[in-house]
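The residues making up each chain are set out below.
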Amino acid sequence: MYATARDGLRKQAELNATLAHKMTPFWKWTYLATNLPFLVIGCQVLVDGPAWGDRFVICGDRFACAAVVLVAGVASIVFHGTQCRCWPPDAVYDAVPGSGWAFKRAAKRVDPAFLEASIFTNIVDVVCAVSLGVFLFACNGGLASARWLTIGGPTLALLVASALLKRARRYVAYAAVHAAWHLAAARVAALALRGDLGT
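Procedures and definitions
- Residues numbered from 1 in each chain as written.
- Predicted model: local features only at pLDDT ≥ 70, side-chain atom pairs only at ≥ 80, totals over all residues.
- Heavy atoms only, no water.
- Phe/Tyr/Trp six-rings, centres within 6.5 Å; stacked < 30°, edge-to-face > 60°.
- Helix = DSSP H or I, 4+ residues; strand = E, 2+ residues; numbered from the N terminus.
- Buried < 20%, exposed > 50% of the residue type's maximum accessible area, 1.4 Å probe, protein only.
- Core = buried A, V, L, I, M, F, W, Y, C linked by side-chain atoms within 4.5 Å.
- Contact = heavy atoms within 4.5 Å.
- Patch = residues over 30% accessible without salt bridge, like charges linked within 9 Å, V, L, I, M, F, W, Y side chains within 5 Å.
- Areas by Shrake-Rupley, 256 points an atom, 1.4 Å probe, with all protein chains shown as cover.
- Salt bridge = Lys/Arg side-chain N within 4 Å of Asp/Glu carboxyl O.
- Disulfide = S-S within 2.5 Å.
- Axes fitted to C-alpha atoms, helices over the stretch in contact; angles between N-to-C directions.
- Parallel < 35°, antiparallel > 145°, perpendicular 65-115°, else oblique.
- Left-handed = near helix turned anticlockwise from the far one by under 90°.
- Nonpolar A, V, L, I, M, F, W, Y, C, P; charged D, E, K, R; others polar.

A. How the structure looks around the packing of aromatic side chains. Throughout the structure, instances matching the rule amount to three aromatic pairs. Their ring planes at 65° and their centres at 6.3 Å tell us that Tyr31 and Tyr174 sit as a pair that is edge-to-face. In this pair, Tyr31 is assigned in helix 2 (residues 25-33) and Tyr174 in helix 9 (residues 171-193), connecting sequence segments 143 residues apart. Each member of the pair, Tyr31 as well as Tyr174, is classed as buried.

B. Molecular detail of the nonpolar core. Core analysis: the largest hydrophobic core is formed by 21 residues, its most contacted members being Phe38, Ile41, Val45, Val69, Leu132, Leu136 and Leu193. Elements represented by at least two residues in this core include exactly helix 3 (36-48), helix 4 (62-83), helix 7 (117-139) and helix 9. Ranked by residues supplied to this core, first place goes to helix 9 with seven residues. The next biggest cluster of nonpolar side chains, apart from the first, holds twelve residues, and it includes Leu15, Leu32, Ile77 and Tyr171.

C. Focus on the side chain of His178. Structurally, His178 can be placed in helix 9. Contacts of His178, omitting those with residues within four sequence positions, involve Tyr31, His80, Leu159 and Ser162.

D. Broad picture of a nonpolar patch on the surface. The grouping of Leu46, Val47 and Phe63 at the surface amounts to a nonpolar patch, some 310 Å² of accessible area in total. Residue placement: Val47 occurs in helix 3.

E. Fine view of the pattern of salt bridges. Applying the stated criterion across every chain yields a total of one salt bridge. Ionic pairing is found between Glu14 and Arg169, a salt bridge with its closest N-O pair at 3.1 Å. Highlighted residues: Glu14 in helix 1 (residues 2-22) and Arg169 in the loop between helix 8 (147-167) and helix 9, separated in sequence by 155 residues. What makes Glu14 partly exposed here is its relative accessible area of 40%.

F. Up close: the state of the cysteines. Under the defined criterion, the tally for this structure stands at zero disulfides. Here Cys65 is not disulfide-linked; the sulfur of Cys139 is the nearest cysteine sulfur, at 6.0 Å. Here Cys86 is not disulfide-linked; the sulfur of Cys84 is the nearest cysteine sulfur, at 5.2 Å.

G. Seen up close, unusual backbone geometry. One non-glycine residue, Arg85, lies in the positive phi region at around 60°. Within the secondary structure, Arg85 is located in the loop between helix 4 and helix 5 (90-94). Exposure remark for Arg85: the relative accessible area of 29% places this residue in the partly exposed category. A positive phi angle, near 65°, is found at Arg169, a position not held by glycine. Judged by relative accessible area, which is 36%, Arg169 ranks as partly exposed.

H. Here's a closer look at the packing of helix 3 against helix 4. Their axes nearest at 8 Å, the elements helix 3 and helix 4 cross at an angle of 165°. As summarised for this structure, helix 3 and helix 4 are arranged roughly antiparallel, according to the angle between their axes. Read as a crossing pair, helix 3 and helix 4 show a hand that is left-handed. Across from Leu36, Phe38, Leu39, Ile41, Gly42, Cys43, Val45, Leu46, Val47 and Asp48 in helix 3, the residues of helix 4 making contact are Arg62, Phe63, Cys65, Ala66, Val69, Leu70, Gly73, Val74 and Ile77. Residue composition of the contact of helix 3 with helix 4, grouped by class: 15 nonpolar, two polar and two charged.

Right under this line is the structure:
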(Lines give C-alpha, C1' and ligand atoms only; values in the text may rest on other atoms or scores of the structure.)
Protein backbone atom coordinates (compact mmCIF):
# COMPACT_ATOMS: atom_id res chain seq x y z
CA MET A 1 0.00 0.00 0.00
CA TYR A 2 2.88 2.35 0.84
CA ALA A 3 4.44 1.73 -2.59
CA THR A 4 1.10 2.40 -4.32
CA ALA A 5 0.66 5.68 -2.44
CA ARG A 6 4.25 6.69 -3.19
CA ASP A 7 3.87 5.93 -6.90
CA GLY A 8 0.57 7.83 -7.04
CA LEU A 9 2.13 10.87 -5.39
CA ARG A 10 5.11 10.76 -7.74
CA LYS A 11 2.70 10.77 -10.68
CA GLN A 12 0.83 13.75 -9.20
CA ALA A 13 4.12 15.62 -8.73
CA GLU A 14 4.97 14.91 -12.37
CA LEU A 15 1.54 16.13 -13.51
CA ASN A 16 1.93 19.29 -11.42
CA ALA A 17 5.35 20.01 -12.94
CA THR A 18 3.97 19.53 -16.46
CA LEU A 19 0.98 21.77 -15.68
CA ALA A 20 3.36 24.50 -14.48
CA HIS A 21 5.38 24.18 -17.67
CA LYS A 22 2.34 24.28 -20.00
CA MET A 23 0.56 27.30 -18.48
CA THR A 24 1.54 30.88 -19.29
CA PRO A 25 2.15 33.27 -16.38
CA PHE A 26 -1.13 35.09 -17.15
CA TRP A 27 -3.17 31.88 -16.86
CA LYS A 28 -1.28 30.74 -13.78
CA TRP A 29 -2.11 33.94 -11.91
CA THR A 30 -5.68 34.01 -13.24
CA TYR A 31 -6.13 30.42 -12.07
CA LEU A 32 -4.70 31.33 -8.68
CA ALA A 33 -7.00 34.37 -8.41
CA THR A 34 -10.10 32.15 -8.51
CA ASN A 35 -9.38 31.42 -4.84
CA LEU A 36 -9.76 35.08 -3.83
CA PRO A 37 -13.54 34.85 -3.23
CA PHE A 38 -12.81 32.66 -0.19
CA LEU A 39 -10.74 35.48 1.32
CA VAL A 40 -13.48 38.03 0.60
CA ILE A 41 -16.15 35.74 2.12
CA GLY A 42 -13.98 35.05 5.17
CA CYS A 43 -13.45 38.77 5.79
CA GLN A 44 -17.16 39.47 5.29
CA VAL A 45 -18.07 36.81 7.86
CA LEU A 46 -15.53 38.26 10.26
CA VAL A 47 -17.31 41.63 10.03
CA ASP A 48 -20.95 40.53 9.78
CA GLY A 49 -20.94 37.08 11.41
CA PRO A 50 -22.78 34.08 9.99
CA ALA A 51 -26.52 34.30 9.36
CA TRP A 52 -27.36 30.92 10.83
CA GLY A 53 -28.26 30.34 14.47
CA ASP A 54 -26.20 28.61 17.10
CA ARG A 55 -26.85 25.07 15.89
CA PHE A 56 -23.61 24.17 17.65
CA VAL A 57 -21.68 26.57 19.85
CA ILE A 58 -18.94 27.04 17.25
CA CYS A 59 -21.40 27.72 14.39
CA GLY A 60 -22.41 31.12 15.76
CA ASP A 61 -18.86 32.27 16.43
CA ARG A 62 -17.85 34.78 13.73
CA PHE A 63 -14.15 34.20 14.39
CA ALA A 64 -14.42 30.42 14.03
CA CYS A 65 -16.49 30.75 10.85
CA ALA A 66 -14.11 33.30 9.34
CA ALA A 67 -11.05 31.24 10.32
CA VAL A 68 -12.34 28.07 8.66
CA VAL A 69 -13.09 29.94 5.40
CA LEU A 70 -9.88 32.00 5.40
CA VAL A 71 -7.62 29.04 6.19
CA ALA A 72 -9.22 27.01 3.37
CA GLY A 73 -8.72 29.93 0.95
CA VAL A 74 -5.10 30.50 1.95
CA ALA A 75 -4.31 26.76 1.79
CA SER A 76 -5.74 26.61 -1.73
CA ILE A 77 -3.72 29.66 -2.82
CA VAL A 78 -0.51 28.18 -1.37
CA PHE A 79 -1.13 24.81 -3.05
CA HIS A 80 -2.08 26.12 -6.48
CA GLY A 81 0.70 28.70 -6.43
CA THR A 82 3.15 25.91 -5.65
CA GLN A 83 1.51 23.61 -8.21
CA CYS A 84 1.87 26.23 -10.97
CA ARG A 85 5.33 27.33 -9.81
CA CYS A 86 4.16 30.91 -9.22
CA TRP A 87 6.91 30.86 -6.59
CA PRO A 88 9.81 28.45 -6.08
CA PRO A 89 8.63 25.16 -4.54
CA ASP A 90 11.14 25.49 -1.69
CA ALA A 91 9.61 28.87 -0.77
CA VAL A 92 6.79 26.97 0.94
CA TYR A 93 9.25 25.39 3.35
CA ASP A 94 11.42 28.51 3.66
CA ALA A 95 8.37 30.58 4.72
CA VAL A 96 7.94 28.55 7.92
CA PRO A 97 10.76 29.02 10.48
CA GLY A 98 12.48 25.74 11.30
CA SER A 99 10.76 23.84 8.50
CA GLY A 100 14.04 23.27 6.64
CA TRP A 101 15.34 21.34 9.64
CA ALA A 102 12.05 19.46 10.00
CA PHE A 103 12.03 18.68 6.27
CA LYS A 104 15.55 17.22 6.36
CA ARG A 105 14.71 15.15 9.42
CA ALA A 106 11.48 13.85 7.86
CA ALA A 107 13.23 13.09 4.55
CA LYS A 108 15.35 10.50 6.37
CA ARG A 109 12.22 8.58 7.38
CA VAL A 110 9.72 9.22 4.58
CA ASP A 111 9.97 8.86 0.82
CA PRO A 112 10.66 12.29 -0.75
CA ALA A 113 7.48 11.90 -2.83
CA PHE A 114 5.47 12.62 0.33
CA LEU A 115 7.43 15.82 0.99
CA GLU A 116 7.52 17.28 -2.52
CA ALA A 117 6.17 20.83 -2.12
CA SER A 118 3.17 20.54 -4.49
CA ILE A 119 2.17 17.24 -2.86
CA PHE A 120 2.59 18.43 0.72
CA THR A 121 0.62 21.63 0.07
CA ASN A 122 -2.02 19.63 -1.80
CA ILE A 123 -2.55 17.42 1.25
CA VAL A 124 -2.93 20.50 3.46
CA ASP A 125 -5.35 22.03 0.91
CA VAL A 126 -7.52 18.91 0.84
CA VAL A 127 -7.66 18.70 4.64
CA CYS A 128 -8.69 22.37 4.89
CA ALA A 129 -11.29 22.11 2.09
CA VAL A 130 -12.87 19.00 3.61
CA SER A 131 -12.90 20.66 7.04
CA LEU A 132 -14.68 23.69 5.57
CA GLY A 133 -17.23 21.47 3.83
CA VAL A 134 -17.95 19.45 6.98
CA PHE A 135 -18.24 22.63 9.05
CA LEU A 136 -20.68 24.28 6.61
CA PHE A 137 -22.67 21.08 6.23
CA ALA A 138 -22.99 20.53 9.99
CA CYS A 139 -23.97 24.14 10.69
CA ASN A 140 -26.64 24.15 7.95
CA GLY A 141 -28.76 21.22 9.00
CA GLY A 142 -26.68 18.40 7.52
CA LEU A 143 -28.63 15.75 5.67
CA ALA A 144 -31.91 17.40 6.66
CA SER A 145 -31.30 20.08 4.04
CA ALA A 146 -32.42 19.08 0.54
CA ARG A 147 -30.64 22.07 -1.02
CA TRP A 148 -27.21 20.51 -0.40
CA LEU A 149 -27.84 17.96 -3.11
CA THR A 150 -29.11 20.44 -5.69
CA ILE A 151 -26.36 23.01 -5.05
CA GLY A 152 -23.50 20.88 -3.77
CA GLY A 153 -23.91 18.02 -6.27
CA PRO A 154 -23.03 20.02 -9.42
CA THR A 155 -20.21 21.75 -7.54
CA LEU A 156 -18.74 18.41 -6.51
CA ALA A 157 -19.11 17.21 -10.12
CA LEU A 158 -16.78 20.03 -11.22
CA LEU A 159 -14.13 18.83 -8.77
CA VAL A 160 -14.38 15.23 -9.97
CA ALA A 161 -14.30 16.33 -13.63
CA SER A 162 -11.19 18.44 -13.03
CA ALA A 163 -9.41 15.50 -11.35
CA LEU A 164 -10.22 13.26 -14.31
CA LEU A 165 -9.00 15.89 -16.78
CA LYS A 166 -5.73 16.26 -14.89
CA ARG A 167 -5.23 12.52 -14.87
CA ALA A 168 -5.89 12.48 -18.63
CA ARG A 169 -3.21 15.19 -19.02
CA ARG A 170 -5.69 17.74 -20.40
CA TYR A 171 -3.97 20.53 -18.51
CA VAL A 172 -5.76 23.59 -19.89
CA ALA A 173 -9.16 21.94 -19.49
CA TYR A 174 -8.18 20.84 -15.97
CA ALA A 175 -7.24 24.39 -14.98
CA ALA A 176 -10.44 25.85 -16.46
CA VAL A 177 -12.74 23.32 -14.79
CA HIS A 178 -10.88 23.44 -11.49
CA ALA A 179 -11.06 27.26 -11.54
CA ALA A 180 -14.83 26.91 -12.06
CA TRP A 181 -14.86 24.55 -9.04
CA HIS A 182 -13.16 27.25 -6.91
CA LEU A 183 -15.79 29.82 -7.89
CA ALA A 184 -18.71 27.40 -7.43
CA ALA A 185 -17.41 26.19 -4.06
CA ALA A 186 -17.01 29.80 -2.90
CA ARG A 187 -20.62 30.44 -3.95
CA VAL A 188 -21.80 27.42 -1.95
CA ALA A 189 -19.81 28.66 1.07
CA ALA A 190 -21.37 32.13 0.76
CA LEU A 191 -24.88 30.65 0.52
CA ALA A 192 -24.23 28.38 3.50
CA LEU A 193 -22.90 31.23 5.65
CA ARG A 194 -25.99 33.27 4.82
CA GLY A 195 -28.10 30.36 6.02
CA ASP A 196 -29.58 29.80 2.55
CA LEU A 197 -28.78 26.09 2.52
CA GLY A 198 -30.43 25.30 5.84
CA THR A 199 -33.74 23.54 6.29
